[in-house]
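Chain by chain, the residues run as shown.
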2 protein chains.
Amino acid sequence: MEESATKKPHVVIVGSGFGGLEAAKKLAGEPVQVTVVDRTNYHLFQPLLYQVAAAELSPADIAAPVRAILSKWRNMEVILAEVKAVDVEARRIQLADGAIDYDFLILATGSRHSYFGHPEWETLAPGLKSLEDAVEIRRRIFMAFEYAERTTDEAARRAAMTFVIIGGGPTGVEMAGAIAEIAHHTLARDFRHIDPSQARIIVIEGSPRLLSSFPEDLSASAMKQLVGLGVEVRTGVHATNLTDAGLFVGDEFIACRVKIWAAGNNASFVGQTLGVPVDQVGRVLVNDDLTIPGHPEVQVIGDLANFTHQTGKPLPGVSPVAMQQGRHAARNILGIIDGRKPERFWYWDKGSMATIGRNKAVADLRFAHFSGLPAWLIWLLIHVLFLVGFRNRIAVLFQWAWAYLTFNKGARLITRNFQAETRPPT
Amino acid sequence: MEESATKKPHVVIVGSGFGGLEAAKKLAGEPVQVTVVDRTNYHLFQPLLYQVAAAELSPADIAAPVRAILSKWRNMEVILAEVKAVDVEARRIQLADGAIDYDFLILATGSRHSYFGHPEWETLAPGLKSLEDAVEIRRRIFMAFEYAERTTDEAARRAAMTFVIIGGGPTGVEMAGAIAEIAHHTLARDFRHIDPSQARIIVIEGSPRLLSSFPEDLSASAMKQLVGLGVEVRTGVHATNLTDAGLFVGDEFIACRVKIWAAGNNASFVGQTLGVPVDQVGRVLVNDDLTIPGHPEVQVIGDLANFTHQTGKPLPGVSPVAMQQGRHAARNILGIIDGRKPERFWYWDKGSMATIGRNKAVADLRFAHFSGLPAWLIWLLIHVLFLVGFRNRIAVLFQWAWAYLTFNKGARLITRNFQAETRPPT
């Protein structure tokens, strides 16, 4: 770093998810100049995204403006821009409109859902990664009930009231539970020609059990809790084709209007522009210190990284991994500036959890497994704690309490894209 | 009403704004069958729409699902549909997908902004009528600051930091005050290359004074309060042309990226399908009992109605007029069913108010005029009272209190239309 004597090293962090934001916070006030680049202007609390899709929360409840989070540190700059590629030799990031040079790079552009070679399924079965995804899924769920209320075609009505979630991981389980509560409670009295509680909610999971990354007893418990909510769970089967009218599970056709994709992720394409090996889903094969081969000034973290040096398998794509890696990457940079070598990363796994509904969840805290109400209370506590720093913490708690007490989903707005219909983007 | 002996008369209310919703509530539990038709699934509290545009509130804070409001009364049905025309002879409403027959009709489809023969200006200067409008205006305001932060072209930066509001009525004054507060307080510390407080905010008003429907002393006060916020006000001038790069005010060109339209309204086209006389902006010329000529079973209310029988001039397009007319129309229907004639409508004008910013407002309560903090407190009180029935009342109060204490605008999300870019609507 020949510049470091005269000028502070420039650290660029691409992505303001859990990993990127933690890295930025760790570098706040340190002797580096930091630029955070993201294509949205907010940090998204993704674990609650399904609640936006279910109309229990509003987008602003789970998103915080990145500028506002970082504005108090003068060594932080935030840029709203789309990254196209990284030129590791030139130490330069290509943006859709311009370029940024860096001395150190932390790449944290995350993942999006993957359709296993069927990109055309995306319009048929949206996934749940962004606020736009969540609002679109919300629109489809509530419009399906509106359509069912008005149609006089009995088969069309049944299809409109059949909801299929493809994928039985945490997101799929959360979505299924949330739709079940909408159908059985929120909308129970609102219609005149349909009974929303007659809605069918089906989860399709390719592996032999739900939540396959969880211990078996918790998978079984999640299954029992979901079935208790009236959800049909089909394990060991795959969606083989999707159409407007429904989907095929092997030879069986299930007529359904709303399909939600919760089955797989692909890493962001930016990782593939580094010129180093990536795995089948595009994750960068990182060294044990999170750097990439030949470039100690470049670290890749979070969902974009494939880190196998601890367990022999890739670490899971969950927020604790991303956050710990973000802090580690920041420490590595400060170490290099002080003349040390990057250190090996170790993930401290505190466990995992998935929520299913009111009083319903599973939690694997390593030392013990919890189900039902205790797991749900742990889930609630952890999520409130992690919302710390969000001004919306109290507002979200209030919304939850209200929704819990009244079964009323107040954010139930179906917004339409008038912009899309009448106005070109500026 | 030959059916009334055997079957309850069918009242159709088109539009769930202030007028339509009041009419529906008045008919709740009465011996009529009511169908409310709207193309959105929510009632919008329009007076606070500018706060969504200014990112002080979220869409869900000021919108309430119509089904949830009306679901407890069994004689109420809600249909989400787009009305295309009314066939008054057949007593039938044509929908985009179907038709509904009525015995009585209350038409309350409101108005949208009008561009005085320049529909191509709509994309250049969006107006503020719907949630979609508000989110789009919010996006443009915040993207302008993002653009200004990144551009190296000084003229482009100045244009991005110039905001022009066309129209100096209540909406224009509210938007101008809100943008001034965003620029001077909310964003004050968030950027590194621009000083948001250097933003220019300009209000263009064609008549000689702001708030021309208010008493002169309050217009003067509003002017003083706005200027105190750093807003430039130009009265007696018109926008003569709009372009991407800015707008012409007479011969002068003002380079500006964001233009907001608050200048005029056109009534909904549905009124023109009734086959009775309408005024220049499409409002239906109603009888003194709100019915239309030759059809005592059809009443037109709110922004869609031109009611001149009280003052010789049309009543203003404000929510109290719509609400009083909604209740009156409902009473008229119940009277006709009881064998009485429709009664004459009288508007009870309790005054009007406009807010300008923190502690800043004007209020004309007929018996006295208020400005500044007293007017603002009256505004706050009235708006909280009228949010009654909204579950979000406490949440909105909380948001306001928070924003007031911290100058922090938490709903500051720039959401993008991924749907528009990648997915066709279903």
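A. Molecular detail of the overall build of chain A. Within chain A, the secondary structure is distributed over 11 helices and 25 strands. Counting all 426 residues of chain A, 58% fall into the buried class. For chain A, long-range pairs separated by at least 24 residues make up 63% of all intrachain contacts whose partners lie at least 6 apart in sequence. For chain A, the accessible surface area stands at approximately 17,000 Å², while carbon and sulfur atoms represent 54% of it.

B. Representation of the pattern of salt bridges. Residue and element names in this part refer to chain A. Evaluated as defined, the whole model comprises 36 salt bridges over all chains. Across the pair Lys 129 and Asp 303 runs a salt bridge, and its minimum N-O distance is 4.0 Å. Remark: Asp 303 occurs in the loop between β21 (295–300) and β22 (305–306) and Lys 129 occurs in the loop between β10 (111–113) and α4 (131–150); sequence separation between them is 174 residues. Overall, Lys 129 belongs to the buried group, its relative accessible area being 13%.

C. Layout of a positive patch on the surface. A cluster of like positive charges, contributed by Lys25(A), Lys72(A), Arg74(A) and Arg189(B), occupies part of the molecular surface. Looking at Lys25(A), the relative accessible area reads 38%, which means it is partly exposed.

D. Layout of the sheet that holds strand β25 (residues 369–371) of chain B. All names here are of chain B. Across the sheet, which stays open at both edges, the 3 strands sit in the order β23-β24-β25 with antiparallel pairing between neighbours. Sheet topology places β23 (352–357) and β25 at the edges, where each strand pairs with a single neighbour. Direction aside, neighbouring strands of the sheet carry axes that sit 5 degrees apart on average. Sheet topology places β23 next to strand β24 (residues 360–364); 5 bridges connect them, and they run antiparallel.

E. Looking closely at the confidence of the model for chain A. Residues and elements named next belong to chain A. This prediction gives chain A a mean pLDDT of 89; 89% of its residues lie at or above 70. This model gives residues 1–5 a pLDDT under 50, and the stretch forms 5 contacts once residues within four places in sequence are excluded. Contacts for the low-pLDDT stretch residues 416–426, under 50 throughout, to residues beyond four places or in other chains number 26 contacts. This prediction of the complex comes with two scores: 0.87 for pTM and 0.82 for ipTM.

F. The arrangement of the sheet that holds strand β7 (residues 92–95) of chain B in detail. Residues and elements named next belong to chain B. Read from one edge of the open sheet, 3 strands run β6-β7-β8, paired in antiparallel fashion. Every other strand in the sheet has two partners, leaving β6 (83–87) and β8 (98–101) as the edge strands with one partner each. On average, adjacent strands in this sheet sit at an angle of 20 degrees to one another, irrespective of strand direction. Both β6 and β7 contribute to a ladder of 4 bridges, which runs antiparallel. Each residue of the ladder has a partner; that of Asp 87, found in β7, is Arg 92.

G. Unusual backbone geometry, seen in detail. Located in the positive-phi region is Leu211(A), a residue other than glycine, with phi close to 45 degrees. Even without being a glycine, Asn359(B) presents a positive backbone phi close to 70 degrees. Along the polypeptide, Asn359(B) turns up in the loop between β23 and β24.

H. Structural view of the packing of helix α4 (residues 131–150) of chain B against helix α6 (residues 170–186) of chain B. All names here are of chain B. For the pair α4 and α6, the least separation of the axes is 12 Å and the interaxial angle reads 35 degrees. By crossing handedness, the relation of α4 to α6 is classed as right-handed. Across the interface between the two elements, Ile 137, Ile 141, Phe 142 and Phe 145 of α4 pack against Met 175, Ile 179, Ile 182 and Ala 183 of α6. The residue makeup of the contact of α4 with α6, split by class, is 8 nonpolar, no polar and no charged.

I. Up close: the nonpolar core. Of all hydrophobic cores here, the largest spans 66 residues; its most connected members are Ile62(A), Ile141(A), Phe145(A), Phe163(A), Met175(A), Leu226(A) and Val231(A). In terms of residues, this core owes the most to one element, α4(A), which gives 9 residues. Among all residues touching Leu226(A), those that are not within four sequence positions of it are Val173(A), Ala176(A), Gly177(A), Val203(A), Leu210(A), Val231(A), Val233(A) and Ile356(A). Of all hydrophobic cores here, the second largest spans 65 residues; its members include Ile137(B), Val203(B), Ala222(B) and Val231(B).

J. Here's a closer look at the environment of Asn265(B). All names here are of chain B. Along the chain, Asn 265 falls in strand β18 (residues 265–267). The class for Asn 265 is partly exposed, based on a relative accessible area of 39%. Apart from residues lying up to four places away in sequence, Asn 265 is in contact with Ser 111, Arg 112, His 113, Ser 114, Lys 129 and Val 281.

K. Structural view of the packing of aromatic side chains. Applying the stated criterion to the full structure yields 16 aromatic pairs over all chains. An aromatic cluster of at least three residues, connected via ring pairs, comprises Tyr115(A), Phe116(A), Trp121(A) and Trp261(A). When the ring centre of Trp346(A) is taken as origin, the NZ or CZ atom of Arg344(A), which lies over that ring, is 4.2 Å away. We note Arg257(B) situated over the ring of Tyr147(B); from NZ or CZ to the ring centre the distance is 4.1 Å.

L. Broad picture of the pairing of strand β2 (residues 33–38) of chain A. Residue and element names in this part refer to chain A. Most of β2 sits out of view: 5 of its 6 residues are buried. As judged from the 5 bridges shared by strand β1 (residues 10–14) and β2, these two strands associate in the parallel manner. Bridge pairing in β2 links Ile 13 to Val 36. Handedness of the β1-helix α1 (residues 18–27)-β2 crossover: right-handed.

What counts as what
- Residues numbered from 1 in each chain as written.
- Chains lettered and ligands numbered in written order.
- Predicted model: local features only at pLDDT ≥ 70, side-chain atom pairs only at ≥ 80, totals over all residues.
- Heavy atoms only, no water.
- Helix = DSSP H or I, 4+ residues; strand = E, 2+ residues; numbered from the N terminus.
- Buried < 20%, exposed > 50% of the residue type's maximum accessible area, 1.4 Å probe, protein only.
- Contact = heavy atoms within 4.5 Å.
- Areas by Shrake-Rupley, 256 points an atom, 1.4 Å probe, with all protein chains shown as cover.
- Salt bridge = Lys/Arg side-chain N within 4 Å of Asp/Glu carboxyl O.
- Patch = residues over 30% accessible without salt bridge, like charges linked within 9 Å, V, L, I, M, F, W, Y side chains within 5 Å.
- Lys, Arg positive; Asp, Glu negative; His and termini not counted.
- Charge placed at Lys NZ, Arg CZ, Asp CG, Glu CD.
- Pairing = 2+ DSSP bridges.
- Axes fitted to C-alpha atoms, helices over the stretch in contact; angles between N-to-C directions.
- pLDDT = per-residue confidence, 0-100.
- Left-handed = near helix turned anticlockwise from the far one by under 90°.
- Nonpolar A, V, L, I, M, F, W, Y, C, P; charged D, E, K, R; others polar.
- Core = buried A, V, L, I, M, F, W, Y, C linked by side-chain atoms within 4.5 Å.
- Phe/Tyr/Trp six-rings, centres within 6.5 Å; stacked < 30°, edge-to-face > 60°.
- Lys NZ or Arg CZ within 6 Å of the ring centre and 35° of its normal.
- Right-handed = clockwise from strand over helix to strand, strands pointing away.

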